[in-house]
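Each chain, letter by letter, is given below.
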Amino acid sequence: MAFKTLQTKREPLTLEALAQTIACRRVSAPEIRVPRNNGKRRTASKQALLDEIAKTGADW
């Protein structure tokens, strides 16, 4: 339920308008490349989990 006393100064943003804004920003901004974790500081339990995942043929 909306607040009965809420007073806004702008129109609500529709999902379509938000999608258009995000699409325009993605086109104008360069692609952001985030490097993957190289795995040098993994705990033994995490490494064991990743080894078991690799045994199934999945690529983590």
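Not measured: the values here are computed from a predicted model.

Turning our eyes to something else, we now look at the environment of Gln47. Position of Gln47 relative to the elements: it lies in helix H2 (residues 44–55). With 11 residues separating them in the primary sequence, Gln47 and Arg36 have C-alpha atoms 15 Å apart.

So, about helix H1 (residues 15–28). Under the 1.5 Å per step criterion, the end-to-end length of H1 is 20 Å for 14 residues, consistent within 8% with the ideal 20 Å. When you tally the buried positions in H1, you get 0 out of 14 residues, a small fraction of the element.

Turning to the pattern of salt bridges, a few remarks are in order. Taken as a whole and assessed by the stated rule, the structure comprises 1 salt bridge. Between Glu52 and Lys55 there is a salt bridge, and its shortest N-O distance comes to 3.1 Å. In this pair, Glu52 and Lys55 are both assigned in helix H2, 3 residues apart and thus about one turn of the helix distant. You can call Glu52 partly exposed: its relative accessible area is 45%.

Cut-off values and rules
- Residues numbered from 1 in each chain as written.
- Predicted model: local features only at pLDDT ≥ 70, side-chain atom pairs only at ≥ 80, totals over all residues.
- Heavy atoms only, no water.
- Helix = DSSP H or I, 4+ residues; strand = E, 2+ residues; numbered from the N terminus.
- Expected span 1.5 Å × (residues − 1).
- Buried < 20%, exposed > 50% of the residue type's maximum accessible area, 1.4 Å probe, protein only.
- Salt bridge = Lys/Arg side-chain N within 4 Å of Asp/Glu carboxyl O.

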